[in-house]
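# Overview (structure and organization)
Now for the letters of each chain:
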Amino acid sequence: MRYSIFSLLRQALTGHQGWAPAWRDAAPKPAYEVIIVGGGGHGLSTAHYLAKVHGITDVAVLEKGFIGLGNAGRNTTIIRSNYLLPGNNPFYELSMKLWEGLEQDLNYNTMVSQRGVLNLYHSDAQRDSYVRRGNAMRMHGVDAELLDARDVRRMLPFLDFGNARFPIQGGLLQPRGGTARHDAVVWGYARAASGRGVDIVQNCEVTGFLWEGGRVAGVRTSRGDIRARKIGMAVAGNTSTVAHMAGLRLPIESHVLQAFVSEAIKPLVPCVVTYGAGHFYVSQSDKGGLVFGGNIDGYNSYAQRGNLPTVEDVCESGMALMPAIGRVRVLRSWGGIMDMSMDGSPIIDRTPVAGLYLNGGWCYGGFKATPASGYCFAHLLARDEPHEVARALRLDRFAAGRLLDEKGQGPQPNLH
Amino acid sequence: MRIECPFCGERDVAEFTYLGDAAFRRPPADAPDLAGRYYDAVYLRENPAGPHRELWYHGSGCHAWLQVTRDTRTHEILAVRLATETPE
Ligand SMILES: Cc1cc2nc3c(=O)[nH]c(=O)nc-3n(C[C@H](O)[C@H](O)[C@H](O)COP(=O)(O)OP(=O)(O)OC[C@H]3O[C@@H](n4cnc5c(N)ncnc54)[C@H](O)[C@@H]3O)c2cc1C
Ligand SMILES: [Zn+2]
């Protein structure tokens, strides 16, 4: 069913009895051309672009639980392409362009809201590094504007401008950045892929690989063996454990990241704001809740929950930036498992195992990458060569010394 | 999460700094394939879902480096020893 004002009117007049399920909950077939492991945003967008751009529809997305209950449904929904390095920037900008056309492409309301992403700076040195990043963005055709304190005060008059230790001097704004509705992104991609014939198989955990002459020939799952010519991993926080089943060790550690939402308040925060003197980012959802987060907890974790010191740290940073929220109550907090790579950048590449492809290392920035990640992973799976904008996201860059370390932190995943 | 420091007793995790997997070993300078061995040591991680032996520094306490065995699925601390002791 195509969604439009007419389908809405028709349903409204007939009591909304005729809505069909958005996508097919399929049972697994014995074999496919391509299997994608992981029904998060990246797995589902890969399936969509495989079907739409490359005409490959004999595809299954295998999800161990229900689609979108991993990081795809846990993130703070910020989308942006304000990257410094030439290996990252064109990739994230492709993603931004795909976001801009996503609702038309999927015929689904993913609530993409380009309300702007503002990174605040609090010192001369920080301003200089933001100027450098802003210039790098502009050289790649990405929008970037440097604001001074007066401009920021006009946008966000409630911030603590008088803070003696970390005065707000200004910010780097990407006007095209913003937010999107994470669950809708999952469902939109699932619906579009399913509509082209892709099987979305839930409660189907991959527990091992089938081998044939040294290459993978399929997967063992909780719903039986399934064969495929090519297998793509898009399991985010579980990347190491699934790769381990194929005998691979990866430059990745799994870490927990927490997020928070407050009770609903009247419209206050018009854009995404990030604090430059601590790790804190916030936006306001359409329901009115403040959606915010900070750093990862900082230790290896597969538990989808974090600890209290991080909660305290995030809330302290929030209070330092906007004391006005002091009496707003936190409704919920939760955690998700990040596949933190050794240089803070993702990997979309073949693996040393023939037939097995890797999409991982998204750290805590993978939601914004959902469209381009799927686009480039589909390209790699279909053509066996990297997409132009994903050429730098190689697995062998660590051995070769061509790291993509935006922050310059070195091989210490909990600092990226 | 609380870590039982051998010197200071059970303390809040906020007093500690995390370094990572305690399995790191600097390859001997005369090892064959030194570049490969370094790549392995610096970048590749076991990253298990389960017991993990890792290094923590008690910065707000006694300043000792500890090796902590912790279940990454539950955050349960299974054992704490000084980093200089041989692992169990
Ligand atoms: C709290 C939080 C806040 C975040 N905020 C942002 C943000 O503001 N902006 C941003 O860009 N990014 C953000 N991220 C990061 C982003 O959510 C992730 O990088 C991204 O969602 C990862 O890709 P995915 O959607 O495919 O992952 P997931 O949704 O985690 O998908 C992976 C799927 O694989 C499945 N799986 C795992 N193992 C197996 C197996 N053996 N067999 C079958 N299936 C398996 C899992 O069940 C899961 O559904 C945030 C993450 C968190 C947790
Ligand atoms: Zn101590």
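Parameters at a glance
Residues numbered from 1 in each chain as written. Chains lettered and ligands numbered in written order. Predicted model: local features only at pLDDT ≥ 70, side-chain atom pairs only at ≥ 80, totals over all residues. Heavy atoms only, no water. Pairing = 2+ DSSP bridges. Helix = DSSP H or I, 4+ residues; strand = E, 2+ residues; numbered from the N terminus. Axes fitted to C-alpha atoms, helices over the stretch in contact; angles between N-to-C directions. Contact = heavy atoms within 4.5 Å. Domains from an automatic or database assignment. Buried area = accessible area lost by both parts, 1.4 Å probe.

### Topic: the sheet that holds strand 5 (residues 145–148) of chain A
All names here are of chain A. If you walk across this open sheet you meet the 8 strands as 5-6-4-13-14-15-12-16, and the pairing is mixed. Among the strands making up the open sheet, the edge pair consists of strand 5 and strand 16 (330–341). In this sheet, adjacent strand axes meet at a mean angle of 25° when their direction is disregarded. Judged from the 5 bridges that link them, strand 4 (residues 117–121) and strand 6 (residues 170–174) form a sheet pairing that is antiparallel. Bridging from a neighbouring strand, leucine 120 pairs with glycine 171 of strand 6. Running at roughly 135° to strand 15 (residues 289–300), helix 9 (residues 308–321) makes contact with strand 4, strand 12 (252–264), strand 13 (272–275), strand 14 (280–284) and strand 15 of the sheet.

### A word on the sheet that holds strand 6 (residues 77–82) of chain B
Residues and elements named next belong to chain B. Ordered by their spatial adjacency, 4 strands build an open sheet running 3-4-5-6, and the pairing between neighbours is antiparallel. The open sheet is flanked by strand 3 (17–21) and strand 6, the only strands paired with a single partner. Averaged over all adjacent pairs, the angle separating strand axes in this sheet is 30°, with direction ignored. Here strand 4 (residues 51–57) runs beside strand 5 (residues 65–71); their pairing, made up of 7 bridges, is antiparallel. Directly across from glutamate 54, in strand 5, lies its bridge partner valine 68.

### Comments concerning the domain arrangement of chain A
All names here are of chain A. Considered domain by domain, chain A is made up of domain 1 (21–81 + 84–108 + 182–252 + 343–415) and domain 2 (117–176 + 254–339). One C-alpha centre belongs to domain 1, the other to domain 2; they are set 28 Å apart. The interface is formed by 29 residues belonging to domain 1 together with 31 residues belonging to domain 2. Carbon and sulfur atoms supply 56% of the area that domain 1 and domain 2 bury against each other, a total of about 2600 Å² over both sides.

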